[in-house]
Every structure is written in structure tokens, then in C-alpha cells.
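Take a look at the letters that make up each chain.
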Amino acid sequence: MTSDPTRWTRVEALFEEALGLPAPDREAFVDREAGGDAALADEVRALLDADAEAGAYFADVARSLSGTAPLAEGDRVGPYRITGRLGEGGMGTVYRAERADGAFEREVALKVLRDARGGDVRRFLAERQILARLDHPAIGRLYDGGIDDRCHPFLAMELVEGEPITAYCDRHRLGVEARLGLFRQVCEAVQFAHGRLVVHRDLKPSNVLVASGDSGEGASGKGQGGNAPSPFSLPSSPRVKLLDFGVAKLLDTDIELTQTGAAPHTPAYAAPEQVRGEEVTTATDVYALGVLLYELLTGTRPYRLTNRRREAVQQAILHAEPTQPSTAVLTPTSEADPAGTAAARATEPTRLRRRLQGDLDRIVLKALRKEPERRYEGAAALGRDVQRHLDGLPVEARPESVGYRVGKFVRRHRGGVALAALALVGLLGGLGAALWQASVASEARDRAEAEARAADRATDLLVDVFGTSDPNQARGDTLNAYDILGRGLALVDTLGAEPAVQARLLHALGNVYGNLGDYDRAATLLRRAIAARRDGRAAPEDLTLTLSNLGVALQRGGDADGAVSVLEEAVARHEAAAAPDAFRFANTLSDLCLALHEQGDYAAAEAACRRALAVGGEAPSEATAFRHSNLGLALEGGGELAAAADAYRRATQVRASLPAPNPIEAAYTEGNLGRVLARLGETDEAEASARRGVARMRGVVGDRHPDLAVSLTDLGQVLELDGRFDEALAAYDEALSIQQASVGADHPEAITTLNNIGVVHARAGRNARAVEVLTEALDRRRRAQGDDHPEVATGLNNVATLEDRLGRTAQALARYEEAVTLSEATFGPDHATTGSFRYNLGRIYARVGRGPEAEAALRQALATFEATFPADHFMIGYGALEVGRGLVEREAFDEARPLLERAKRLIEATDRPDAPERLADAEALLRRTESS
């Protein structure tokens, strides 16, 4: 046999190719490919002969095993006595056994080949060589192996008392953090195997057991339970055990534990390359780890399938995109329902969604990339990213979007970088301002000497982190702010001995992340700062400030309930202070107003805003303008549109008197004012205001920031109310694209935008598309914010309107009734929104012949419109028309005539697209009253 490596490579290649041919064709193939090199041909033939002899041997072994009865308790296999049956594993049956030859005592998991073919025997024996390489506390150990005198191939392995990792986590109701901790152990074990050039190729929950206690001793095999841990207590040191390398592959030898064709695998956990029968690498195990992590977090698998046939599973793996984990936990499936999934993780569905949204979505989806080269480079890299997430550090799995790739942000959005720079200036100056509140700092209080030292120390550290005066530390023409922030986060972790300094840095860095729109990261860091400040050594006002800033991060990240809870604690702390800081107290009340507004509690939001103005005063400042703008939101939500417009105008007037008004808050107020003016029918002024808001916002944050999406949505509503549907749709589409890339498709603002898109399609006559979009928005709203959220009533009304158009009268009527009931309970019976829903319900009552109910609903709606809209508003005209129509139908002509005349006058004054049809109706009904 040749010793020349180059020649051996040629011999091996020809041998492998020949093995893939039918036996009769191999001789001719070898002669042809050897090209006259007789020695080469002889070496290849020698390998083929050796392989044939080995195959015959293994076939004899297989024949000897064929039909062998299952082993029973008391049977001997080599030096071991069977004491019970544990389960199935790969090609073997796994038994509980004990050493019985007197050499020493040991209880083992004994894996014995069952009913095998020759190739199975060869793979089974090769597993022994693989396991011998893997001596790691998180990998089931191999003690012994061989073939006994009755030709039973066996492996004696460590007995691990445990259960599959998913079952263990669910039974103990482990939260996300605990599950991630166990998953990190799995990654370490897989990386150890990869380091010894072993790829597992069949990672799945039943191959990853969790053992109780520190020893890790217990049951081994496939889904064996052994003596399960008590359901009443969580083991103090749960440890994972990775099992079953029966289909593993050694990367540095010719041991391949498969036959020709696709490698053996479990379909639901297979990577695309396994499905295609391509080369298996460490990236294959990374994919399976991604599936495992997905299941640990969501209780389901990544693909939504209509059936579980192997072909359907394979097609999904090859072509479908995984559902985002944060979306999956709110989607009922045959495997799990949202409430049960959340309960198994000690939380509730919307909180679980928010916990997964962001980093964890990105980590899982990176591991599940179709292309192996786009996944994590190995199990270690995946595990590191999970740990970085747990530590509150930036993760590698970053989307190509604003809020994470700041290098791109810098090149395309100079204004956004200027805003971040402004934030850093604020940090260096005081380390205490709520940066995204855009508030002016109050007069600094005298601090205790220790606090002053902590502030000086924190400032010095930030200068060190952000200072890049040395050209060697600032090469290139693109500033990657997240890399710089990463330096700050790494520095934070070195400050355990200086908790006051650590807390200040966490607070400051959390505010920067919030300012950049990364609210998940901001909340994580601010929570750490709060934990550090609750030890009693921090100044009380510092803890209160951090609570306030966390509340803002949660509110902007879509967690209104969490925001209200945190901000109410901050308000209580202000109230309990001996000498509360009026400026900060007012800011916290204003932030609480916004969170209550997001919850839909508009009366409480208005009360908080008015109290903020009373506490903070009316002196011209950015903070005063901000509070008036928030009051406008609360009033608008409560249906007081004229008062809301006045509040927004007051905010604009205050800012006009300031030398340097905050451009972002000014843009928000312009958009808010435009939206309300449009609802009041003042379309020209409304559009001008909304477009100023978009221009201001785009100039500051650029084209892909979630704040721009808000301004675009305001403009879309103005254009929609003006009947310019294509222009409105363009604004909404841009806003939704930004929101989906930045805050996620299930964020309340993204759902609102999706709803608005459906409404535009409806008003443009694209009813089929409209009902599809509106139903999706309604379903998302219910999952994200609950069935009793005020916006669910709006969604019900919108879908009902489309169902009515499509002739689905019964469904539409039921939805309208539900919308009115919910609106009365949340907005109130006299709210403008409730009036609009009742108007729609009254009209459908009239069409189905329920005249008295129709008249009652329509009269209530008209009364609401008269109380909430200006006297010349078109909706008063529409309401008067419908009440008049009902009166004409029951021949109450004298009562109908003044209503219809009023309707005709108001409808003539509006240029809405549906006005001509309504005007014709009013005129026809008036003729009937005159001819009576």
C-alpha cells in the first residue's frame, strides 16, 4: 500500500467512487480511471476486496442477530446483567444493567444492537470509537463496549437520572433565563465534541437530558426517565447530559456512521443540508441547536405545518422561513396554546412575547439560517451570544436595520448620530438626564461627598470609553457607535467593587440605547442599574430617576403595563420624598400619562398630565411643551378633539419661544396636531402640519428610525381622511416597513399601522384585500394587547364594515355589537369613537329590519357627534341623515324634515369622496317629506 499522501488521496477517491457503483461495474471502472497505472488499480482493488470481506463478516453478525428475542430482566450481555428496560436509542435498545462478573460494582445504561443489518453493526461499533473521545461532564460517558459470546454488540454507558430538557423545563415552570442557562450547557457540550472533530447530527430534546443534582449520575438513553425528580422542588444544580452519538460523524477519519445516501437524522431537527444529503459539518449541529432553543423558548418548532408527513417537514426546512419566536408564542397551534406556553415559563403570553422580542428572536433565527455559512461559526459562538444577551451586552446576531448597525446609521443618517452625540454630552455633564425625554436638567443639587466622587469617577470612565482623540483608536471613516457602547458595557462588568459607579454607568448607557431606539437593551441595562441602586447606598432620587427612565423604555418598547407599574412606583417615591424635585416629579407624571394612554386609560392619562403641568409650572421650556403635547394625546384618546388641538397648539407655541426646541418632540407635536385637525375637518392646515412633522423627523433621525414611522403614520391619516388613498397608503407602507425592521411586527404601533393600511384599502374599494389586512391586524392586537384593549374595539368595527360590504351581514352585525359593548366599557358611552361604532351598528340594524333598535342607536350616535364635534362637522350631517331616513320610513315626516335639511347643509359643505352619494340621499328623502 502506498505511503505517498498525494497518491493515497487518489486511491481513496477512486475507492469511494467505485463503492457507489454496482459490484459488476467496479472492475471496468477501476481499469478505466487508473489510466494504465496498474499499481494504482491494484491498490484500489485491494481496498474493494477488504471492504467485501468486512461486509460479509458484518452480514454474518447481522444474520446471527436476526430474530433474536428481546432481552429480559436477568439476561447477561457480556459482563452485565439486565435489570430493566429504559427505551430505544438509534439502532439499539437501552437497558438498565449492572456489572455482574465480580470485577467491580457499577450500574450502567446498556445499549444493545437490535435486529440489525450489517451496516448497522458497523455503525454501532464505530459509535464506541467516537464516544471514547468524549470525556466531558455534560456528555454521557462510555465505560465499556464490545460483542459478547452470542454476538450481541453492546455499549455500557453512564446512567443518567433525568428527563428531556424540554419536559424538564416545562415541568419546573422555568423562566426564560433559567432555560437559557441550561441551553448554554448544551452548547458547551456540543462545542467539546466539535473540538474532538465529532458532529452529533441528531441533536433533539430526547438526546439532551437534564440530570438532578451535582453528580449527574442517573439514566441514559432515549427519553428514559429513571427516577424523575420531585415535582415539588427544583434541583439545586440541574445539569444537562448530551446522549446518543449513534449517528455521529468523525470529521478527521473515514468512520462514517451512515450508508450511502442521506445521513440518518430526525426530520424535525434536520438542517437543510441533511435533507439534501449534502456534507454534514459543525454548522449542522448549530442548526439543530437553533431548533432546540426555539422549542425551549416557544414550546413549538420553527415551521407552521399543515401536516407532519416527512415530505412536508422537509419542504418547510428547505424553503419556508421560520416564524419569529416572539410571534410564535402568541399563535395557537396543535402543539401548544399561548396561555399554556407562557404558564410553563412562569409568565403570561404578552410578557413572554416581549421577553423574546429583539435579541432572542435574532439569536434563534441566525442559528436557523438555511445557508450553513450564515449561521454561527460554531456551538461556542451561539453559546457566547446567549450569554451576552443574559449579561445585557450587544449580541452578534444583529439585523441590518437602524438601532443595531450604527455604522450604517452614521453614513446614512447624520442627524441621528448628532442626537446620540448630544446624549453623550448629557452623560458626561451629569449622568442623570432622561436623554430621550429631551428634558432640560434642573439645578443640580448638592450631593454627598461619596456621590460626587462616584459621579467624577463615572465621568472619567465615560471620557475614556467615548474619547477617540487618538487616531490609532479611531481609524476608518465610519463611527460604529454600538462598538463603542460595547466597550462601555464591558467596562461596567469590571466595576463590581464600585457599585455606585457601576449603577451610574448602567443608567447612562441604558439611556443612550433608549435614545437610539433599542428599547429592549435600554430596559435590560436600566433594570441592572435599579438592582444596583436598591442596595440602599444610592441617593433615593437617583433610584427614582432610573425607575422613571425604565418606565419610558418599557412604554416605547410596547410594554405599557410594565411601564405603568414602574412609573407608579417612581411617582410614589417622589410623593414620599421630603423635598421632591418638582422638575423630575413633573416629568415622571408626564411619562405616566403616556403609558396610561398606551393602556387605553385616557381619563387617568389626562389626570396625570394635568397634575404634571400643575407640579412643573408653565414657565417656557421644552419640558412644559412636552407635557402639553402629552395632554393633547390624552384628550384626543378621550375623544375631546378640539381640546386636544388646543393642547398641541400650546405645545407648539411654547417651543416657538425657545432658542433651541427639541426637534424630535416638535415633530411629534406637528404630526399629532395634523391628525386631530384632519379629524376635525380642517384638512389643509392638517396636511401642512403633518408634513412639517415628517420633514423635521426625517432630518433628525433619518429614514429607518421608528420615530419617523410615527410621523409617517400621522401624515397617512391626514391623507386618508382627505380621500387621497394612494398617497396615504404610500406613507403607511413606509411606516410599517420601518416598524417591522425596528420594533417588530407585533409592536402596538406596527399593528396600528397595519390596521390603517386595511382601512385605506377598504376606502379605496379593495374590499377583499382590506378584510384580509384588517383581520390580521385584529388578531395581532388581541394577542399582543388582550381582548379588552380599546383598539380591539376599533379593529372589530373595521372588520365588520368590510364583512358588511362583502354581504356577510350576520358576521358584521355580531362584530359591531361587540365593538359597541367594548367601546362603551373602555372609552365610555359618550365618547366620539363609541358614537361612530353605534352609528355603524344603527345603520345595519335598519337594513335588517330592526327599526326601533336602529333609531335608538342612531339617535345616541347623533347626540354624541353633536357633543364632541364642531357644529359644522360632516359626521353630524351623516348622523342627521340616518336618523331622518328612519323617520321617513315610519312616515314621521315633520320630525324628519329639519334633520334632513341640516344634513343637506352640512354635507354640501364637505368635499369627502362619499359626500355626493349622501347628498343625493338627503335630497331624495326631503322630496318625500315635501310630497307627503
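Within each chain, residue numbers correspond to sequence positions counted from 1 in written order. For this predicted model, a pLDDT threshold of at least 70 governs which residues receive local features, and a threshold of 80 or more governs which side-chain atom pairs are given and counted, while totals over whole chains, interfaces and linings are taken from all residues. Side-chain measures here rest on the full set of heavy atoms in the structure, leaving out hydrogens and waters.

Novice: What is the right way to look at the overall build of the chain in this model?
Specialist: If you tally the helices and strands in the chain, you get 39 helices and eleven strands. At a minimum sequence separation of 6, the contacts of the chain that also span at least 24 residues come to 66%. The method behind every accessible area is Shrake-Rupley, applied with a 1.4 Å probe, and residues are considered shielded solely by the protein chains displayed. Summed over all atoms, the accessible surface of the chain reaches about 37,900 Å², with 50% contributed by carbon and sulfur. Counting from the N terminus, the helices are the DSSP runs of H or I reaching at least four residues and the strands are the DSSP runs of E reaching at least two. For this analysis, residues touch if any pair of their heavy atoms sits within 4.5 Å.

Novice: Which parts of the structure should I look at to understand the pairing of strand S9 (residues 208-211)?
Specialist: The side chains of a regular strand alternate between both faces of the sheet. Across the two faces of S9 the burial is the same, with Val 208 and Val 210 and Leu 209 and Ala 211 all buried. Two elements, S9 and strand S10 (residues 239-242), share four bridges in a ladder whose sense is antiparallel. Within S10, the residue paired with Val 210 across the bridge is Val 240. Remark: exposure states derive from per-residue accessible area (1.4 Å probe, protein chains only) relative to the maximum for the residue type, with buried under 20%, exposed over 50%, and partly exposed in between. Here, strands pair whenever DSSP counts at least two bridges between them.

Novice: Can you help me understand the packing of helix H34 (residues 809-826) against helix H35 (residues 832-847) in this one?
Specialist: The relative placement of two packed helices is expressed as an angle between their axes plus a distance between the axes. Only the stretch in contact is used when fitting a helix axis, every axis being a line fitted to C-alpha atoms; angles between N-to-C directions are given from 0 to 180 degrees. As a packed pair, H34 and H35 sit with axes 9 Å apart at the nearest point and diverge in direction by 150 degrees. In terms of orientation, H34 and H35 fall into the roughly antiparallel class. Crossing angle aside, the handedness with which H34 passes H35 is left-handed. Contacts between H34 and H35 pair Thr 809, Ala 812, Leu 813, Tyr 816, Glu 817, Ala 819, Val 820, Ser 823 and Glu 824 from the former with Thr 833, Thr 834, Phe 837, Arg 838, Asn 840, Leu 841, Ile 844 and Tyr 845 from the latter. For the contact of H34 with H35, the residue count by class is nine nonpolar, five polar and three charged. Roughly parallel here means an angle under 35 degrees, roughly antiparallel means over 145, roughly perpendicular means 65 to 115, and every remaining angle is called oblique. With the far helix as reference, a near helix turned anticlockwise by less than a right angle produces a left-handed crossing, and one turned clockwise produces a right-handed crossing. In this classification, Asp, Glu, Lys and Arg are treated as charged, Ala, Val, Leu, Ile, Met, Phe, Trp, Tyr, Cys and Pro as nonpolar, and every other residue, Gly included, as polar.

Novice: Just checking my understanding: could you explain the pattern of salt bridges for this structure?
Specialist: Pairs can form between side chains of opposite charge once their charged atoms are near each other. Any carboxyl oxygen of Asp or Glu within 4 Å of a side-chain nitrogen of Lys or Arg constitutes a salt bridge here. With the rule as written, the count across this model stands at 61 salt bridges. Arg 780 serves as the salt-bridge partner of Glu 776, at 3.1 Å between the closest nitrogen and oxygen. Note that Glu 776 and Arg 780 are positioned in helix H32 (residues 767-785) at a spacing of four residues, about one turn of the helix. Note that Glu 889 and Arg 928 form a salt bridge whose closest N and O atoms lie 3.3 Å from each other.

Novice: I keep staring at the packing of aromatic side chains and nothing clicks. Help me out?
Specialist: Two aromatic rings, taken as a pair, are described by how far apart their centres are and by the angle between their planes. Think of it this way: a Phe, Tyr or Trp ring, Trp meaning its six-membered ring, pairs with another when their centres are within 6.5 Å, and the plane angle makes it stacked under 30 degrees, edge-to-face over 60, tilted otherwise. For the structure on display, the rule yields four aromatic pairs. When the ring of Tyr 80 is compared with that of Phe 154, the centres are 6.1 Å apart and the planes differ by 65 degrees; the resulting orientation is edge-to-face. Note that Tyr 80 is positioned in strand S2 (residues 80-89) and Phe 154 in strand S6 (residues 153-157), a separation of 74 residues in sequence. Comparing Tyr 80 with Phe 154, the two get one shared label, buried. Relative to Phe 869, the ring of Phe 865 lies with its centre 5.7 Å away and its plane at 35 degrees, an arrangement referred to as tilted. By the burial criterion, Phe 865 is buried, and Phe 869 matches it. Charge over a ring is defined by NZ of Lys or CZ of Arg lying within 6 Å of the ring centre and within 35 degrees of the ring normal. Here the guanidinium or amino end of Lys 366 rests over the ring plane of Tyr 376, the centre of that ring lying 5.2 Å away.

Novice: Looking at this structure, how should I read helix H20 (residues 519-533)?
Specialist: Every α-helix winds through 3.6 residues per turn, so residues three or four apart in the chain are directed the same way. By this rule the span expected of a helix is its residue count minus one, scaled by 1.5 Å. Taking 1.5 Å of rise per residue, 15 residues should cover 21 Å, and H20 covers 20 Å from first to last C-alpha, within 8% of that figure. Within H20, the full set of buried residues consists of Tyr 519, Arg 521, Ala 522, Ala 523, Leu 525, Leu 526, Ala 529, Ile 530, Ala 532 and Arg 533.

Novice: Sorry, what's going on with the confidence of the model for the chain here?
Specialist: Detailed reading of the predicted model is not advised wherever pLDDT is low. Per-residue pLDDT for the chain has a mean of 77; in total, 75% of the residues score no lower than 70. This model gives residues 54-68 a pLDDT under 50, and the stretch forms 21 contacts once residues within four places in sequence are excluded. pLDDT measures the predictor's confidence residue by residue and takes values from 0 up to 100. The low-confidence segment residues 213-236 (pLDDT under 50) makes 75 contacts with residues lying over four places distant or belonging to another chain.

Novice: Could you clarify how one ought to interpret unusual backbone geometry in this entry?
Specialist: Excluding glycine, most residues fall at negative phi; most peptide bonds, likewise, are trans. Positioned with a positive phi, Arg 173 is a non-glycine residue whose angle comes to about 50 degrees. Tracing the chain through its elements places Arg 173 in the loop between helix H5 (165-171) and helix H6 (176-195). Positive phi outside glycine occurs at Glu 891, with the angle close to 65 degrees. Note that Glu 891 resides in the loop between helix H37 (874-889) and helix H38 (893-908).

Novice: Even after reading the chapter, I still don't get the environment of Pro 898, so can you show me in this structure?
Specialist: As for its placement among the helices and strands, Pro 898 is situated in helix H38. Through-space distance from the C-alpha of Pro 898 to that of Gly 884 is 8.5 Å; in sequence the pair is 14 residues apart.

Novice: What should I look at first to understand the side chain of Gln 739 in this one?
Specialist: Position of Gln 739 relative to the elements: it lies in helix H30 (residues 725-742). In this structure, Gln 739 is in contact with Ala 709, Thr 713, Gly 744, Glu 749, Ala 750 and Thr 753, ignoring residues within four places of it in sequence.

Novice: What's the story with the sheet that holds S9 in this structure? I'm lost.
Specialist: Hydrogen bonds between backbone atoms are what pair the strands of a sheet, whose relative direction is either parallel or antiparallel. Sheet architecture is open: three strands sit in the order S7-S9-S10, paired in antiparallel fashion. The sheet terminates laterally at strand S7 (162-164) and S10, the two strands that pair on one side only. Strand-to-strand, the axes of this sheet are offset by a mean angle of 35 degrees, without reference to chain direction. Of the pairings in the sheet, the one linking S7 to S9 comprises three bridges and is antiparallel in character. Pairing of Gly 162 across the sheet is with Ala 211, part of S9. Sitting on the sheet, H6 touches S9 and S10, and the angle it makes with S10 is about 35 degrees.

Novice: How should the state of the cysteines be read in this particular structure?
Specialist: Each disulfide consists of one covalent bond between the sulfur atoms belonging to two cysteines. Cysteine sulfur pairs qualify as disulfides if the two atoms are within 2.5 Å. Scanning the entire structure with this criterion turns up one disulfide. Two residues, Cys 593 and Cys 609, share a disulfide whose sulfurs are 1.9 Å apart. On the sign convention where negative means left-handed, the S-S torsion of about -85 degrees between Cys 593 and Cys 609 marks this disulfide as left-handed. Taken together, the residues span a long stretch of sequence, with Cys 593 in helix H23 (residues 582-599) and Cys 609 in helix H24 (residues 602-616) at a distance of 16 residues. Here Cys 593 and Cys 609 have matching classes, each one buried.

Novice: In this structure, what is going on with the side chain of Ser 590? I would like to understand it.
Specialist: Its location among the elements puts Ser 590 in helix H23. Throughout this description, a polar contact denotes any pair of N or O atoms lying within 3.5 Å of each other; where both atoms belong to protein, one of them has to be capable of donating a hydrogen while the other can accept it, and for residues adjacent in sequence the pair is counted only when both atoms sit in side chains. Within the local environment of Ser 590, its side chain forms a polar contact with the side chain of Asn 630, the two groups lying 2.6 Å apart. Residues within four places of Ser 590 in sequence aside, it is in contact with Ala 612, Phe 626, Arg 627 and Asn 630.

Novice: Teacher, can you tell me more about the packing of H6 against helix H12 (residues 349-356) here?
Specialist: In contact at an axis separation of 11 Å, H6 and H12 are set at 45 degrees when each is read in the N-to-C sense. Put simply, H6 runs oblique to H12. For the pair H6 and H12, the contacting residues are Val 176, Glu 177 and Leu 180 in the first and Leu 352, Arg 355 and Leu 356 in the second.

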